[in-house]
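# Fold and geometry: a report
Spelled out from the first residue to the last, the chains are:
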Amino acid sequence: MAPGVRLNVRSGPGTSYNIVYVLPEGVSVPTYCQTPGTTVTGPYGTSNIWDNISNGQYVSDAYVQAGSDGYIAPRCG
């Protein structure tokens, strides 16, 4: 995750979903699957990819340093 950033974890893949909680800066999170959603611009570019980090918990891939601008995990489904 981007350094110095506290990241909103949402209940679905987009900014219109409720914030479940906020991740503290510098924390590492797993990416179980990825899905398209709201396009967001962050420290790692602009992306419509959202990372599923737990059941019903999503973060924008634009805030996660994944080493790629594309999908790095299976599609959620």
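Preceding this paragraph is the structure being described.
For the structure given in this document, a descriptive report is provided here. From a predicted model like this one, the values you see are computed outputs, not experimental measurements. (Residues numbered from 1 in each chain as written. Predicted model: local features only at pLDDT ≥ 70, side-chain atom pairs only at ≥ 80, totals over all residues. Heavy atoms only, no water.)

## A word on the state of the cysteines
The condition is simple: Disulfides are defined in this document as cysteine sulfur pairs within 2.5 Å. In DSSP terms, a helix is any run of H or I states spanning at least four residues, a strand is any run of E spanning at least two, and both are numbered starting from the N terminus. Exposure is judged per residue with a 1.4 Å probe applied to protein chains only, and the accessible area is read against the type maximum: over 50% gives exposed, under 20% gives buried, and values in between give partly exposed.
Applying the stated criterion to the full structure yields one disulfide. Across a sulfur-sulfur distance of 2.0 Å, Cys 33 and Cys 76 are joined as a disulfide pair. Taking the sign of the S-S torsion, 95° for the link of Cys 33 and Cys 76, the bridge is right-handed. Of this pair, Cys 33 sits in strand E3 (residues 33-42) while Cys 76 sits in the segment after strand E5 (57-60), and the two are 43 residues apart along the sequence. Judged by its relative accessible area of 22%, Cys 76 is partly exposed.

## Focus on the packing of aromatic side chains
Threshold: What counts as a ring pair is set by centres within 6.5 Å for rings of Phe, Tyr and Trp (its six-membered ring), and what kind of pair is set by the plane angle: stacked under 30 degrees, edge-to-face over 60, tilted for all other angles. Counting as a charge over the ring demands two things of the Lys NZ or Arg CZ atom: a distance within 6 Å of the ring centre and an angle within 35 degrees of the ring normal.
A complete count under the given rule lists zero aromatic pairs for this structure. In this structure, Arg 75 packs its charged tip against the face of Tyr 71, placed 3.8 Å from the ring centre.

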